[in-house]
Amino acid sequence: MKTRIAFFIVLLLLSYSIADCKEVVATKTPSRQGSVNVFTSPDLYNLTMKWANEYASLNPEVKINVIKSADKNVAGSLNTNGGIGFITDESYKSLNNQSIWNMIVGRDVIVPVMNALNPFRDEIYRKGITPEGFARILGNPEKQNWGMLVGNTQNIPDIQMHYYIMNDPSTLSAVESFLNTNNLSNSGIKIDSGSEMIVAIQKDPNALGFCKLVQIMDLKTRDLAANIKLIPIDKNGNGKIDYMENIYDNLQAFSRGVWIGKYPRALSGNIYSVASEKPKSETELAFLNWVLTDGQQFLNENGYNDLVLNERQTQLARINEPVIFTTAPATETYAFLKVILIALFII
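Cut-offs applied
- Residues numbered from 1 in each chain as written.
- Predicted model: local features only at pLDDT ≥ 70, side-chain atom pairs only at ≥ 80, totals over all residues.
- Heavy atoms only, no water.
- Pairing = 2+ DSSP bridges.
- Helix = DSSP H or I, 4+ residues; strand = E, 2+ residues; numbered from the N terminus.
- Right-handed = clockwise from strand over helix to strand, strands pointing away.
- Salt bridge = Lys/Arg side-chain N within 4 Å of Asp/Glu carboxyl O.
- Buried < 20%, exposed > 50% of the residue type's maximum accessible area, 1.4 Å probe, protein only.
- pLDDT = per-residue confidence, 0-100.
- Contact = heavy atoms within 4.5 Å.

**Re the pairing of strand E3 (residues 62–68)**
Then step 1. Strand direction decides the pairing type here: strand E2 (residues 34–40) and E3, joined by 7 bridges, are parallel. Looking at the pairing, Asn37 lines up with Asn65 of E3.
Then step 2. Taking the sense of rotation as the criterion, the β-α-β connection linking E2, helix H2 (residues 45–58) and E3 turns out right-handed.

In structure tokens, the structure reads:
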């Protein structure tokens, strides 16, 4: 009899332990199989295809269906067919505030740059240039000289400025928005590629250029190309670069400054992942996790900027919320087991 009671006690203890193990917090484990419909605005098609092909090569059992969709049709496509989408800031605005879930996965940053040997470099880094100052000079080709831009009071001759700008719609649109003007289409020397912009700025001490940040980066060193400097922007217009505006010493500080809002919004656009509601499919979540980690490296080679580490972690936390199993049934089981154990011990 004692042996049987002891045997039952052991069984009950094992059952209690197994039940107790179920009261844990579980995280969603991304699946590596299935299929995902990915809708993309036309301007992000090449980047999205790169992400899809690279991910599929690592996970052959996953099928990524990339579908190019007009900006105004992305939300409708997601609502009708499900899946996720990738769109730029400009495309996101065209959705007219339609209610969709969104998450930032990359960034498109336009920057003003100059030659490192610019004769006014120290003064520019001390005072910065206001948006109004840029607009006043760049909107008037006859007055494009560095002395007038900087507001130099020294008794030295004005130095003629050579203004370069990337010849692509997104850059032109961003700069016009930043300067609050729409007459830049015929202004400046148009440049067709990032490599051309680098050479133009490097060879010309009097150059001023507007281009995408990634276009003047050395992707191997993850720093600016040699002999090129960012032009600090006096965002609050008080005639100096304050501590809160001082984000131009290195690219890491600059990228973080863009993220937390220290850089003009007009020159910084987001790349969004969107969906009709927060993704729940394990296959979709696995793909988005990869885009926010290993997939970030493909942003640069497609003309965009990756997110800083803290921002990646913030976005990952949004899609990897823990799932807590219900504990009510387990609690009832524990109470019942305890009663039986006490009775057996008494016996």
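**A look at the pattern of salt bridges**
Then step 1. Counted by the stated rule, this structure contains 8 salt bridges.
Then step 2. With a closest N to O distance of 3.7 Å, Lys212 and Asp108 form a salt bridge. Taken as a pair, Lys212 in strand E8 (residues 207–212) and Asp108 in strand E5 (residues 101–115) lie far apart in primary sequence, 104 residues in all. Across this residue pair, the class does not change: Lys212 and Asp108 are buried.
Then step 3. Linking Asp122 and Arg121 is a salt bridge whose minimum nitrogen-to-oxygen distance equals 4.0 Å.
Then step 4. Each of Lys50, Glu54 and Glu301 takes part in one network of salt bridges that share partners.

**Some remarks on the confidence of the model for the protein chain**
Then step 1. Summary statistics for the protein chain give a mean pLDDT of 82 and a share of 79% for residues scoring 70 or more.
Then step 2. In this model, residues 5–31 is a region of pLDDT below 50 whose contacts with residues beyond four sequence positions or in other chains number 38 contacts.
Then step 3. Below a pLDDT of 50 lies the segment residues 323–337, which in the model reaches 15 contacts outside its immediate sequence neighbourhood of four places, other chains included.

**Thoughts on unusual backbone geometry**
Then step 1. Unusually for a residue other than glycine, Asn180 sits at a positive phi of about 55°.
Then step 2. As for its position among the elements, Asn180 is in the loop between helix H8 (169–179) and strand E7 (189–191).
Then step 3. You can call Asn180 exposed: its relative accessible area is 72%.
Then step 4. Its identity is not glycine, yet Asn227 carries a phi of approximately 70°, on the positive side.
Then step 5. If you trace the backbone, Asn227 turns up in the loop between strand E10 (223–224) and strand E11 (228–230).

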